[in-house]
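Chain by chain, the residues run as shown.
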Amino acid sequence: MSRIATVNRETKETRISCTLNLDGTGSYDIHTGIGFFDHMLSGFAKHGFFDLTIKAEGDLYVDSHHTVEDVGIVLGQAIKEALSDKAGIRRYGSFILPMDETLMLCALDLSGRPYFCYDVNTTVDRLGEMDVELAKEFFYAISYSAGMNLHIRMLSGDNNHHILEAMFKAFGKALDMATGYDARVNGVLSTKGTI
């Protein structure tokens, strides 16, 4: 069964199209108008082995907030739709990713219950054309639109580029683990019978 979802969203602030294949090879075609954000999303797709296409047009003349947040909403919806009933998946995923001096932890549960914890310290306001604080808004949006319990914690780090890049890559690795199949799982991995 293919686990591919396409989600389109249009508001007065943004117009976004996203196609996600959970069982891809890490190919990507991403254009948000924010170069640094494109770089981060490319790392997520490549290291999670997801095929990801995102086209976004947003009110960047205001700032990058609406575009980054709305891409998070749309990507979260695509994850949820591609997972369907979640039968056979591991459900939980975690990864500790090293990137030079940075060590980033990402742990998640595809429980259907959104919850978000973020413990990351950065020391600059912007990287390229992206406000660094928007990384938190992006992952919050994914957590709530996907119905995902998501924890991101920086264990060490000094270079802000490394910190954000390690975060996106760790998320990709953890999500790949959680969405992967386990032959021992009969139905869904829950004593309730549903997730």
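Counting from 1, residues in each chain are numbered in the order their sequence is written. Given that the model is predicted, a residue must reach a pLDDT of at least 70 before its local features are reported, and side-chain atom pairs must reach 80 or more before they are shown or counted; all residues, however, enter totals for whole chains, interfaces and linings. To obtain the side-chain values, all non-hydrogen atoms of the structure were used and water was disregarded.

### Describing the overall build of the chain
Here is step 1: Only DSSP runs of H or I with at least four residues qualify as helices, and only runs of E with at least two residues qualify as strands; both kinds are numbered from the N terminus onward. Counting its regular elements, the chain contains four helices and 10 strands.
Here is step 2: In the chain, the succession of helices and strands from N to C terminus is β-β-β-α-β-α-β-β-β-β-β-α-β-α.
Here is step 3: Atoms counted for the radius of gyration: C-alpha only. Globule rule: 2.2 Å times residue count to the power 0.38. Here the C-alpha atoms of the chain give a radius of gyration of 16 Å, agreeing with the 16 Å that 2.2 N^0.38 yields for 195 residues.
Here is step 4: C-alpha atoms of the chain, sized along the principal axes, occupy 50 × 40 × 30 Å.
Here is step 5: Burial status follows relative accessibility: with a 1.4 Å probe on protein chains alone, a residue under 20% of its type maximum counts as buried, one over 50% as exposed, and anything between as partly exposed. Put simply, the chain has 195 residues, and 51% of those count as buried.

### Some details on the nonpolar core
Here is step 1: Leu108, Phe138, Met148, Leu164 and Phe171 are the most contacted members of the largest nonpolar core, which totals 58 residues.
Here is step 2: The element that contributes the greatest number of residues to this core is helix H4 (residues 160–179), accounting for 10 residues.
Here is step 3: A contact between two residues is defined here by any heavy atoms of the two lying within 4.5 Å. Here methionine 148 is in contact with Ile79, Leu108, Asp109, Leu110, Arg113, Pro114, Tyr115, Ile142, Ser143, Phe171 and Leu175, once residues within four sequence places are set aside. In these notes, a set of buried Ala, Val, Leu, Ile, Met, Phe, Trp, Tyr and Cys residues joined through side-chain atoms within 4.5 Å is what counts as a nonpolar core.

### Re the side chain of aspartate 70
Here is step 1: Residue placement: aspartate 70 occurs in helix H2 (residues 65–83).
Here is step 2: Under the relative-accessibility criterion, aspartate 70 is labelled buried at 4%.
Here is step 3: In contact with aspartate 70, not counting residues within four places along its chain, are Arg9, Thr11, Thr14 and Ile16.

### Looking at helix H1 (residues 35–48)
Here is step 1: To estimate how far a helix should reach, multiply one less than its number of residues by 1.5 Å. With 14 residues, H1 extends 20 Å between its outermost C-alpha atoms, agreeing within 8% with the 20 Å of an ideal straight helix rising 1.5 Å per residue.
Here is step 2: Residues Phe36, Phe37, Asp38, Met40, Leu41, Ser42, Gly43, Phe44, Ala45 and Gly48 constitute the buried set of H1.
Here is step 3: Residue phenylalanine 49 follows H1 closely and has a positive phi angle near 60°.

So yeah, pure geometry; function would need other evidence.
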